[in-house]
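Chain residues, written in single-letter form:
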Amino acid sequence: MSDSPILVTRSSMPPFEEYVKEIEPLWESHWLTNMGEKHRALEAALENYLGVDDLALFVNGHQALECVLEAMQLKGKVITTPYSFASTTHAIVRKGLTPVFADIKPDDYTIDPAQIESLIDEDTCAIVPVHVYGNLCDVDAIQDIADRHGLKVIYDAAHAFGVFRGDRSSATFGDAAMFSFHATKVFNTIEGGAVCFRGPELKTKLNRWKNFGIADEETVEYVGGNAKMNEFAAAMGLCNLRHLDGEIAKRQKVAERYWERLETAPGVKVCRPAAGITPNYAYLPVVFEEDEFGATRNDVFDALKAHDVYARKYFYPLINDFDCYRGREGFDSSRTPVAKHVADRVLTMPMYADLALEDVDRICDIVQACGK
Ligand code: T4K
């Protein structure tokens, strides 16, 4: 049992010696970044793991998302969810596009396809759904809508690395999928991200864009940025990928203990994986309904904090309530009532591979003591 503070997550790290061995050749080559050997090896390993032909690594998930939106030359409105991390909408806005918010489903908190169609007009160019917490969106319904209206689908799959439907990874849905490999993710490269996509044209664009648009020593083809993953980050990824299955198996034990302990309490809703899905146990969201449970989400948050346990309110506030967007057309959380309801009541519990089951029990005891 831990006697230090328990935070919402803790980065997975390979054995120190394994990482040192992985980075040792860099002292020979002095090649530290700009698509080096580790970068190439990680791209190949990830393509293999995800079952995709094309993948581009990035310095982080946010830059990956901005880049793919730009590379697709999108213009106009993008339908997305307000129930996500700031990055999703920020990327859309920073690329000069207009987000239009659809509400979410109450069971898995992903975008509700039934809400999308009525929001589409002649200016709509794309849908950016989020596999929030690693819950796979209703990918078939979304694709059907996109096909009927000629829209691109770019998944924010930041949370969904390691999630499969049957033998298809989350990378294979839509026109593109962005992953985050941030330190807080199931699979991390310290900071990092990737885009999976289809087609040689996008491959060239994405790879050039992340390196200032440079095509060769004498040709600069795009007004690109700098969003390259460095060799130390790629080496971390190569190591962490070897341990991924073991880390997910440990997370499963943690998740199942939480679910067993909490799902029977009245007014407490946990989110179990849907049938046919191999989950990654990325996050452990719990929704508290005050009427039935007898305490609010904030009461539970405070009680845990008093015991040095730091759960997080992912994702409160909703993006359409952010200060930075106040007064903008369409940013109004009353138009996404399900998302608002969940955001006001959700707490994501500490979740990581090495979280001791005794600590999960202790956390659940604190939670249950808040109730009636
Ligand atoms: N789309 C979605 C849906 C996302 O959730 C994210 C990122 C993105 C896009 C963008 O991807 P990136 O550009 O980040 O690759 C964290 C992460 O920074 C962010 O990556 C993540 N989503 C978001 C949900 O969570 P904060 O501000 O809550 O992180 P912070 O610093 O409070 O850390 C949370 C906890 O993690 C700490 O209490 C302890 C633990 N931790 C943190 C760090 C930095 C570690 O164990 N090791 C660490 O190195 O945003």
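Use the structure listed above.
Residues numbered from 1 in each chain as written. Predicted model: local features only at pLDDT ≥ 70, side-chain atom pairs only at ≥ 80, totals over all residues. Heavy atoms only, no water.

Undergrad: Would you take a moment to explain a negative patch on the surface for this structure?
TA: Residues Glu290, Asp291, Glu292, Asp299 and Asp302 make up a contiguous surface patch of negative charge. Elements with a contribution of two residues or more to the negative patch: α9 (290-293) and α10 (297-306). Looking at the negative patch element by element, the count peaks at three residues for α9. As for its placement among the helices and strands, aspartate 291 is situated in helix α9. (Patch = residues over 30% accessible without salt bridge, like charges linked within 9 Å, V, L, I, M, F, W, Y side chains within 5 Å. Areas by Shrake-Rupley, 256 points an atom, 1.4 Å probe, with all protein chains shown as cover. Salt bridge = Lys/Arg side-chain N within 4 Å of Asp/Glu carboxyl O. Lys, Arg positive; Asp, Glu negative; His and termini not counted. Charge placed at Lys NZ, Arg CZ, Asp CG, Glu CD. Helix = DSSP H or I, 4+ residues; strand = E, 2+ residues; numbered from the N terminus.)

Undergrad: Please clarify how unusual backbone geometry should be interpreted in this entry.
TA: Both trends apply: most residues other than glycine have a negative phi, and most peptide bonds are in trans. With an omega of 10°, the peptide bond between tyrosine 314 and phenylalanine 315 qualifies as cis. Position of phenylalanine 315 relative to the elements: it lies in the loop between α10 and α11 (337-345). Cis geometry is found at the peptide bond from tyrosine 316 to proline 317, where omega equals -5°. Mapping proline 317 onto the fold places it in the loop between α10 and α11. Located in the positive-phi region is methionine 35, a residue other than glycine, with phi close to 55°. Along the chain, methionine 35 falls in the loop between α1 (16-29) and α2 (37-50). Methionine 35 sits in the partly exposed class, given a relative accessible area of 24%. (Buried < 20%, exposed > 50% of the residue type's maximum accessible area, 1.4 Å probe, protein only.)

Undergrad: Can you help me understand the site of the ligand in this one?
TA: By nearness alone, 26 residues border the ligand, and Asp156, His159, Ser180, Arg312 and Tyr314 come closest of all. Between the ligand and the protein, one listed contact pairs an oxygen atom with a backbone N or O atom of glycine 61 at 2.9 Å. Relative to its unbound accessible area of 930 Å², the ligand is 75% covered by the protein chains. Taken together, the residues of the shell around the ligand break down into nine nonpolar, 13 polar and four charged. (Near = heavy atom within 4 Å. Polar contact = N/O pair within 3.5 Å; in protein donor to acceptor, adjacent residues only side chain to side chain. Nonpolar A, V, L, I, M, F, W, Y, C, P; charged D, E, K, R; others polar.)

Undergrad: How should I be thinking about the sheet that holds strand β13 (residues 277-278) in this particular structure?
TA: Sheet strands pair by backbone hydrogen bonding; their relative direction is either parallel or antiparallel. Across the sheet, three strands lie side by side as β7-β6-β13; this open sheet has antiparallel pairing. Both edges of this open sheet fall to β7 (168-169) and β13, since each of them pairs with a single strand only. Of the strand pairs in this sheet, strand β6 (residues 164-165) and β7 are connected by two bridges, and their pairing is antiparallel. Looking at β7, one finds that arginine 165 is bridged to arginine 168. (Pairing = 2+ DSSP bridges.)

Undergrad: Before we go on, may I ask you to explain the pattern of salt bridges in this structure?
TA: Pairing between side chains of opposite charge can happen when the charged atoms of each approach one another. Evaluated as defined, the whole model comprises 27 salt bridges. One salt bridge in this structure joins aspartate 140 and arginine 165, with 2.9 Å as the shortest N-O distance. Taken together, the positions of aspartate 140 in helix α6 (residues 139-149) and arginine 165 in strand β6 put the pair 25 residues apart, joining distant regions of the chain. Ionic pairing is found between aspartate 144 and arginine 148, a salt bridge with its closest N-O pair at 3.1 Å. Within this pair, aspartate 144 and its partner arginine 148 are both found in helix α6, separated by four residues, close to a single helical turn. The exposure class assigned to aspartate 144 is partly exposed, which follows from its relative accessible area of 39%.

Undergrad: Explain empty space enclosed by the protein to me, please; I cannot follow it from the model alone.
TA: The method is simple in principle: a probe with the dimensions of a water molecule rolls over the atoms, and the space it marks as empty is what remains. Tallied over the entire structure, the rule returns one cavity of 30 Å³ or more. Of the voids in this model, the largest cavity is the one considered here, and its volume is about 50 Å³. What lines the largest cavity is simply Ala158, His159, Ala160, Phe161, Ser180, Lys185, Val186, Phe187, Asn280, Ala282 and Tyr283. (1 Å grid on protein atoms, 1.4 Å probe; cavity = no way out; pocket = protein on both sides within 12 Å on 5 of 7 lines; lining within 4 Å. Points joined across faces, edges and corners; volume = space filled by probe spheres on them.)

Undergrad: Where do I start with a nonpolar patch on the surface in this structure?
TA: Residues Phe212, Ile214 and Val220 make up a contiguous nonpolar surface patch of about 270 Å² in total accessible area. In this fold, isoleucine 214 is placed in strand β10 (residues 214-216). The partly exposed category is assigned to isoleucine 214, whose relative accessible area is 35%.

Note that all results are geometric; they support no functional claim without further evidence.
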